[in-house]
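As a plain string of letters, each chain reads:
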Amino acid sequence: MKTNEIREMSAIDLDNKIGALKDELFRLRFQMATGQLDNPMRIREVKKSIARVKTIQRERELKA
């Protein structure tokens, strides 16, 4: 996801997005452990997306 897309989301949407990304990361790690993961770079992308969303949430906390 791009940061512009994330900034346009509401606080509830951001919480939901983090939950979805964490679920995806869990599934990817499980696939990695069982040897079924096709694209290991996807784990890195999901981690970065989680960090982006959390950063924007923190910016909003500090702004308020």
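Rules used in this analysis
- Residues numbered from 1 in each chain as written.
- Predicted model: local features only at pLDDT ≥ 70, side-chain atom pairs only at ≥ 80, totals over all residues.
- Heavy atoms only, no water.
- Helix = DSSP H or I, 4+ residues; strand = E, 2+ residues; numbered from the N terminus.
- Expected span 1.5 Å × (residues − 1).
- Contact = heavy atoms within 4.5 Å.
- Salt bridge = Lys/Arg side-chain N within 4 Å of Asp/Glu carboxyl O.
- Buried < 20%, exposed > 50% of the residue type's maximum accessible area, 1.4 Å probe, protein only.

1. Side note on helix α2 (residues 11–34)
Okay, step 1: With 24 residues, α2 should cover 34 Å at 1.5 Å per step; its first-to-last C-alpha distance of 35 Å lies within 8% of that length.
Okay, step 2: Taken together, the buried residues of α2 touch α1 (3–7) and α3 (41–63).
Okay, step 3: Gly 35 sits one or two positions beyond α2 and adopts a positive phi of about 80°.

2. Description of the pattern of salt bridges
Okay, step 1: In total, this model carries four salt bridges according to the counting rule given.
Okay, step 2: Here Arg 7 ties to Glu 59 by a salt bridge, and the two come within 2.7 Å at their closest N and O atoms. Within this pair, whereas Arg 7 is found in helix α1, its partner Glu 59 is found in helix α3, the two being separated by 52 residues in sequence.
Okay, step 3: Its relative accessible area of 44% is what places Arg 7 among the partly exposed residues.
Okay, step 4: Relative accessible area serves as the criterion here: at 36%, Glu 59 is assigned to the partly exposed category.
Okay, step 5: Overlapping salt bridges bring together Glu 24, Arg 42 and Glu 45 as one network.

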